[in-house]
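Here is what each chain is made of, one letter per residue.
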Amino acid sequence: MIHGDLKPSNILLDENMVAHLRDFGISKLLSEDESDLYTKTLATLGYIAPEYGLDGLVSIKCDVYSYGIMLMETFTWRKPNDEMFEGDLSLKQWVSCSLTKAIVDVVDANFVTPQDNHLNKKLDCVASVMKVALNCCVESLTRRIDVST
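As the structure is a computational prediction, the values presented were derived from the model and not from experiment.

## Here's the deal with the overall build of the protein chain
Then, number 1: Counting its regular elements, the protein chain contains 4 helices and 4 strands.
Then, number 2: Listed by position from the N terminus, the elements making up the protein chain come as β-β-β-α-β-α-α-α.
Then, number 3: A compact globule built from 149 residues should have a C-alpha radius of gyration of about 15 Å, and the protein chain, at 16 Å, falls within 12% of that.
Then, number 4: The C-alpha extent of the protein chain, read off along each of the three principal axes, is 50 × 40 × 30 Å.
Then, number 5: Within the protein chain, the fraction of its 149 residues that count as buried is 42%.
Then, number 6: A fraction of 49% describes how many contacts in the protein chain between residues 6 or more apart in sequence connect residues 24 or more apart.
Then, number 7: Between the mean site of the 14 positive side-chain charges and the mean site of the 22 negative ones, the protein chain shows a separation of 4 Å.

## Thoughts on the nonpolar core
Then, number 1: Residues Y52, I69, M72, L91, V95, I103 and M130 are the most contacted members of the largest nonpolar core, which totals 34 residues.
Then, number 2: The set of elements that each furnish at least two residues to this core consists of helix 2 (60-76), helix 3 (91-100) and helix 4 (119-136).
Then, number 3: Discounting chain neighbours no more than four positions away, the residues touching I103 are S98, L123, V126, A127 and M130.

## Details of unusual backbone geometry
Then, number 1: One non-glycine residue with positive phi stands out, namely M17, at about 65 degrees.
Then, number 2: Take M17: its relative accessible area is 59%, and that puts it in the exposed class.
Then, number 3: Unusually for a residue other than glycine, W77 sits at a positive phi of about 60 degrees.
Then, number 4: Within the element layout of this structure, W77 appears in the loop between helix 2 and helix 3.
Then, number 5: A relative accessible area of 64% means that W77 is categorised as exposed.

## Here's the deal with a nonpolar patch on the surface
Then, number 1: A surface patch of nonpolar side chains, about 430 Å² in accessible area, is lined by M1, L21, F24 and L29.
Then, number 2: With respect to the helices, strands and loops of the structure, F24 is situated in the loop between strand 2 (19-21) and strand 3 (36-38).
Then, number 3: Judged by its relative accessible area of 39%, F24 falls in the partly exposed class.

## As for the environment of E34
Then, number 1: Topologically, E34 is positioned in the loop between strand 2 and strand 3.
Then, number 2: The partly exposed category is assigned to E34, whose relative accessible area is 34%.
Then, number 3: Taking the C-alpha atoms as reference, E34 lies 9.1 Å from S59; in sequence the two are 25 residues apart.

## Topic: the pattern of salt bridges
Then, number 1: For the structure on display, the rule yields 5 salt bridges.
Then, number 2: We note a salt bridge from K79 to E73, for which the minimum N-O separation is 3.3 Å.
Then, number 3: You can call K79 partly exposed: its relative accessible area is 45%.
Then, number 4: Of the charged contacts in the structure, one is a salt bridge between E139 and K92, with a shortest N-O distance of 2.3 Å. Note that E139 is positioned in the segment after helix 4 and K92 in helix 3, a separation of 47 residues in sequence.
Then, number 5: Given a relative accessible area of 49%, E139 falls into the partly exposed group.
Then, number 6: What makes K92 buried here is its relative accessible area of 13%.

Reading the values: rules and limits
- Residues numbered from 1 in each chain as written.
- Predicted model: local features only at pLDDT ≥ 70, side-chain atom pairs only at ≥ 80, totals over all residues.
- Heavy atoms only, no water.
- Helix = DSSP H or I, 4+ residues; strand = E, 2+ residues; numbered from the N terminus.
- Rg over C-alpha atoms; globule rule 2.2 N^0.38 Å.
- Buried < 20%, exposed > 50% of the residue type's maximum accessible area, 1.4 Å probe, protein only.
- Contact = heavy atoms within 4.5 Å.
- Lys, Arg positive; Asp, Glu negative; His and termini not counted.
- Charge placed at Lys NZ, Arg CZ, Asp CG, Glu CD.
- Core = buried A, V, L, I, M, F, W, Y, C linked by side-chain atoms within 4.5 Å.
- Patch = residues over 30% accessible without salt bridge, like charges linked within 9 Å, V, L, I, M, F, W, Y side chains within 5 Å.
- Areas by Shrake-Rupley, 256 points an atom, 1.4 Å probe, with all protein chains shown as cover.
- Salt bridge = Lys/Arg side-chain N within 4 Å of Asp/Glu carboxyl O.

Right under this line is the structure:
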């Protein structure tokens, strides 16, 4: 099953904070012998994998890409289509640059504060999450994380 439109508004949390997907309007069901397919149905800009947006190629790895974008959005509190991301700057590039310089500059202020006693531990944890998110969003379909392993 490929959801095809993973984004925060399509994830609902129940009373136990368990996530549930909603809006399967453009989802695709692959048979056991299929790993991908082509479609003209497009998902939400900003969350859509490059191969999906450019060629209409959908696979499970499209949802992996969208998941990575959602992780970045969750921890930065910036949407991928935020007005600050124009020209060559994207959410992915902004987060990627912060990993080598200062992750604290992109993390939402509600997660960490300079006065936090465990600031470095929290920043290390967020940096690990951001690395996973960036690995989910690798442009190359073949190099993107495989969720089946």
